[in-house]
Structures are given as C-alpha cells and as structure tokens.
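Chain by chain, the residues run as shown.
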Number of protein chains: 2
Amino acid sequence: MSDPIRRLIHAFSKLPGIGEKTGARLTFFLLNADPALPRELAEALLDVQTRVRLCSHCCQLTEADPCRLCADARRDRSVICVVESMQGLMAVEKTGEFNGLYHVLHGVLAPLDGVGPDELHLRELMGRLNGVEEIIVATNPSVEGEATAIYLHRLIAPLGITVTRIASGVPIGADLEYADPLTLSRALSGRRPL
Amino acid sequence: MSDPIRRLIHAFSKLPGIGEKTGARLTFFLLNADPALPRELAEALLDVQTRVRLCSHCCQLTEADPCRLCADARRDRSVICVVESMQGLMAVEKTGEFNGLYHVLHGVLAPLDGVGPDELHLRELMGRLNGVEEIIVATNPSVEGEATAIYLHRLIAPLGITVTRIASGVPIGADLEYADPLTLSRALSGRRPL
C-alpha cells in the first residue's frame, strides 16, 4: 500500500464515526470512482474553509453577511428560534413550518465541559431582541439542552418577551411500548385537551 | 445555509454509506475543527489521484512500480495470494502470517453484472506464474468469490501449480448457536483431525 493511500485513509479516519476500515473503504471507492469525484470533494473542502463565516446577526455559518435568511424580507422578524447547531437549524427549516429568524448558539451550557454562557453566542442574541415578541428555544431535549432553555428563559422573559420551548413527547409513529420512561412521563405531563 | 456548505454536504453524500445527514455531520465537524484538518483531507484526495497507479506485477494500488511488496527481496516468490480487492490484501497482510506475494483481481466473476474473466486482472496473473508453486485463492467466501476460486483452479492447476483456498468455517470466538447453517455445514465438511 502506498503512502498517498495511507495518508488519505488516515485523514478520513480523523472524521467522527469513521475508523480505519471505513476510511479504507472510502479511499478505495474514490480510487475506483470517476476522477471528478475526489476532485469535487477536495475543492469543496478548500472552498468551505475560505468562504464560510458566521452571520453577524444569527451566527449561522454563511457565505454572505447577513445570511440569506436574515436578509430575507419575507421572514417574520418578531420570532427567533434558538438552536444549538447548524444541524438543528436545518432540521427546523426542513419542516417548512417556521417563518421567523434563527439564532445559532454553537453549543449548549455544559459546566462540566467548561461551557458557560460566555462560550455561547448569547451576546449576539441579546443584541437583536428589539422588536422580538417570542423566542422559541429549540435546543435538544437533553440535560444540557433543557438547562440552556431554562437559562434563556430567566435571561429573556424579564424583558417582556415570551420564551417558549418546543414540545417533548412520544415521536409520531412510535410505539408506547418502546418509549423510554422519561419521554413518556414528559408526554404525560405535556398532555393537551383534544 | 451557504452554497459552499451545501456543496460539501453533497460531495460527502456521494460516498458509500454516507447520506445527507452524515454528510452534514462531517461538514459541520470540519467547520469547527482545526483548519489544518480539511486542508489535510483535501490534499490527500488530490494527491492520491495523481500519484497512485497499479503495480504492473501484482496490480495493487501503489505509488512506485513495482510496488513495495513486489520489490521486497525477503518475500517468498513461490507463493501468490490472490485477493479480490485492496481491502482483502490489507486484511491478509495484517495477519502477519503470509510472507509471499499478492495478486489483486479488482473484482470477482459475476456474469450477471457483466464481469467475466476479461474484466479481472487475470492476464497479469497468468504472466507471473513462472517459478510459482502455490496459488492461495483468498477471494471472499461469497457465491462470486467461490466461483472465481473454482475458475482459477481450473485455469492454473493444469500447469502443475497447487491451487489452495482459504478455509471457511465458524469464526474464532463465535457461538455455534448463532452460526448460519451454511457456515456451519462448511465447518463440518472442512473438519480436520486434531
């Protein structure tokens, strides 16, 4: 096996969820694939690094500042959905149900990992609350996500802005039999009149 | 989400076993990682494409021709281990038990997929049988791998060269209870005196 192959396997195996074996599989796939494919991937990698930065409004990763969403005059500026990560933003956006703006924290409060309020993009959020009526906290329903939601509520509700939290409960299509007790107890306490 | 990000996710999702979600996870990981990492991956991708070719002897992917293994005077030139792919070669080499040479077919006979003997690197194998005493067929124990082994036996045994096949059976550490019937019947028929 040659050094360039070894190096590519090694580079792939630094990515999350990819070990030596998957790295080798990807490498040999690319060696047998259309030569345009590795080049396309390499160019996209270099491109993303030089052209992507944070939107100075919502802190999402973007090419243009303000980002496409913040610049869109058709979005409702009175609601901001706060998410942990770009993946959270993409997931909410994919529902097609939300027409407000976003704010990406790039993390959640995790004191044990040394992530306090100063490590999140909270200052940017506090600076854009003018005219905002509702903050929807869409952090993950994890311990840290919940703690962050409570923190945001304490910080923002006193300013007279409604702070809401996305619902937790049994996912659509799931079977109660297999739901974990915590999710089910959350679904019970969050019950609504039909 | 910006276009460079979308493009990188799209490029990742063309790789086997990687969909949109994993592509997004890898992309955002790289955007938050040490900037050296995406650059290292990009350079390895471009490098592997320009510097890797087939060894004219064993057909493995290599930078130098002949490859490191074929050029190594300490390897036993009387035994050739025939493998389907580079991954097969790497797996056998990792055992540390084999000191002969390899031959990479880059495929197996699969008539339904249009892969006949001409599509494999058989001509190169036939051209290097001088002085060879044993051919070990280490194709996968699949239908196609077995068919390829039988084909190689018919082709090469008449030349007075021993053609052997790696053993199939119950993997070490496995439980007979969970072994599939085909593997177990192979283990029975391949039994050896203690």
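Residues numbered from 1 in each chain as written. Chains lettered and ligands numbered in written order. Predicted model: local features only at pLDDT ≥ 70, side-chain atom pairs only at ≥ 80, totals over all residues. Heavy atoms only, no water.

Caption draft 1: Molecular detail of the overall build of chain A. For chain A, the count of helices and strands is eight helices and six strands. Reading the helices (α) and strands (β) of chain A from amino to carboxyl end gives α-α-α-β-β-α-β-α-β-α-β-α-β-α. Dimensions of chain A along its principal axes, counting C-alpha atoms only, are 65 × 45 × 35 Å. For chain A, the proportion of its 194 residues judged to be buried stands at 41%. Intrachain contacts of chain A at a sequence separation of at least 6 include 48% that bridge at least 24 residues. Of the roughly 11,000 Å² of accessible surface on chain A, 55% is carried by carbon and sulfur atoms. In chain A, which carries 20 positive and 24 negative side-chain charges, the distance between the mean positions of the two groups comes to 2 Å. (Helix = DSSP H or I, 4+ residues; strand = E, 2+ residues; numbered from the N terminus. Buried < 20%, exposed > 50% of the residue type's maximum accessible area, 1.4 Å probe, protein only. Contact = heavy atoms within 4.5 Å. Areas by Shrake-Rupley, 256 points an atom, 1.4 Å probe, with all protein chains shown as cover. Lys, Arg positive; Asp, Glu negative; His and termini not counted. Charge placed at Lys NZ, Arg CZ, Asp CG, Glu CD.)

Caption draft 2: Quick look at the pairing of strand 4 (residues 101-104) of chain B. Residue and element names in this part refer to chain B. Here strand 4 shows a buried face lined by Leu101 and His103 and a second buried face lined by Tyr102 and Val104. Relative to strand 4, strand 3 (residues 79-83) runs parallel, the two being bridged by four bridges. Its bridge partner being in strand 4, Ile80 is matched across the sheet by Leu101. Chirality of the crossover, the property in question, places the unit of strand 3, helix 5 (residues 86-95) and strand 4 among those that are right-handed. (Pairing = 2+ DSSP bridges. Right-handed = clockwise from strand over helix to strand, strands pointing away.)

Caption draft 3: Representation of the packing of helix 5 (residues 86-95) of chain A against helix 2 (residues 20-32) of chain B in the model. Relative to each other, helix 5 of chain A and helix 2 of chain B sit at 145 degrees, their axes nearing to 10 Å. Only Ala24, Arg25 and Phe28 of chain B of helix 2 of chain B make contact with helix 5 of chain A, whose side of the interface consists of Met86, Gln87 and Met90 of chain A. For the contact of helix 5 of chain A with helix 2 of chain B, a count of residues per class yields four nonpolar, one polar and one charged. (Axes fitted to C-alpha atoms, helices over the stretch in contact; angles between N-to-C directions. Nonpolar A, V, L, I, M, F, W, Y, C, P; charged D, E, K, R; others polar.)

Caption draft 4: Representation of the sheet that holds strand 4 of chain B in the model. All names here are of chain B. Spatial ordering of the open sheet is given by 4-3-5-6, a layout of four strands whose pairing is parallel. With one partner strand each, in any of the chains shown, strand 4 and strand 6 (162-165) form the two edges of the open sheet. Ignoring which end each strand starts from, the neighbouring axes of this sheet average 25 degrees apart. Relative to strand 4, helix 5 is tilted by about 160 degrees, and along the sheet it contacts strand 3 and strand 4. In this fold helix 7 (residues 143-156) packs onto strand 3, strand 5 (134-137) and strand 6, with an angle of close to 170 degrees to the strand it touches most, strand 6.

Caption draft 5: Representation of the side chain of Arg128 of chain A in the model. Residues and elements named next belong to chain A. Here Arg128 is to be found in the loop between helix 6 (122-126) and strand 5 (134-137). One buried charge, Arg128, has no salt-bridge partner; the nearest side chain with opposite charge is Glu124, at 9.1 Å. Within the structure, the side chain of Arg128 is placed 2.7 Å from the backbone oxygen of Tyr102, a separation counted as a polar contact. Ignoring sequence-local partners within four residues, the contact set of Arg128 consists of His57, Cys58, Cys70, Ile80, Leu101, Tyr102 and His103. (Salt bridge = Lys/Arg side-chain N within 4 Å of Asp/Glu carboxyl O. Polar contact = N/O pair within 3.5 Å; in protein donor to acceptor, adjacent residues only side chain to side chain.)

Caption draft 6: Main features of the environment of Ala24 of chain B. Positionally, Ala24 of chain B belongs in helix 2. A residue is classified by how much of its surface remains accessible, and Ala24 of chain B, at 4% relative accessible area, is buried. Taking the C-alpha atoms as reference points, Ala24 of chain B and Pro4 of chain B, 20 residues apart in sequence, are found 12 Å from one another. Ignoring anything within four residues of it in the chain, the contact list for Ala24 of chain B reads Gln87 and Met90 of chain A together with Ile9 of chain B.

Caption draft 7: Representation of the pattern of salt bridges. The tally for this structure, following the rule as stated, stands at 18 salt bridges over all chains. With a shortest N-O distance of 3.0 Å, Arg165 of chain A and Glu146 of chain A are connected by a salt bridge. In this pair, Arg165 of chain A is assigned in strand 6 (residues 162-165) and Glu146 of chain A in helix 7 (residues 143-156), connecting sequence segments 19 residues apart. In this structure, Arg74 of chain B and Asp72 of chain B form a salt bridge, with 3.2 Å as the shortest nitrogen-oxygen distance. For Arg74 of chain B, a relative accessible area of 71% gives the class exposed.

Caption draft 8: Local environment of the packing of aromatic side chains. Residues and elements named next belong to chain A. Using the criterion set out here, one finds two aromatic pairs over all chains in the structure. For the pair Phe98 and Tyr102, a centre-to-centre distance of 5.2 Å together with 65 degrees between the ring planes defines the contact as edge-to-face. Phe98 sits in the buried class, given a relative accessible area of 15%. (Phe/Tyr/Trp six-rings, centres within 6.5 Å; stacked < 30°, edge-to-face > 60°.)

Caption draft 9: The arrangement of the sheet that holds strand 5 of chain A in detail. All names here are of chain A. Taken in spatial order, the four strands of this open sheet run 4-3-5-6, and their pairing is parallel. The open sheet has two edge strands, strand 4 (101-104) and strand 6, and neither has a second partner. The sheet shows a mean angle of 25 degrees between the axes of neighbouring strands, direction not considered. Across the sheet, helix 5 is in contact with strand 3 (79-83) and strand 4; its angle to strand 4 comes to roughly 160 degrees. Packed on one face of the sheet, helix 7 meets strand 3, strand 5 and strand 6 and runs near 170 degrees to strand 6.

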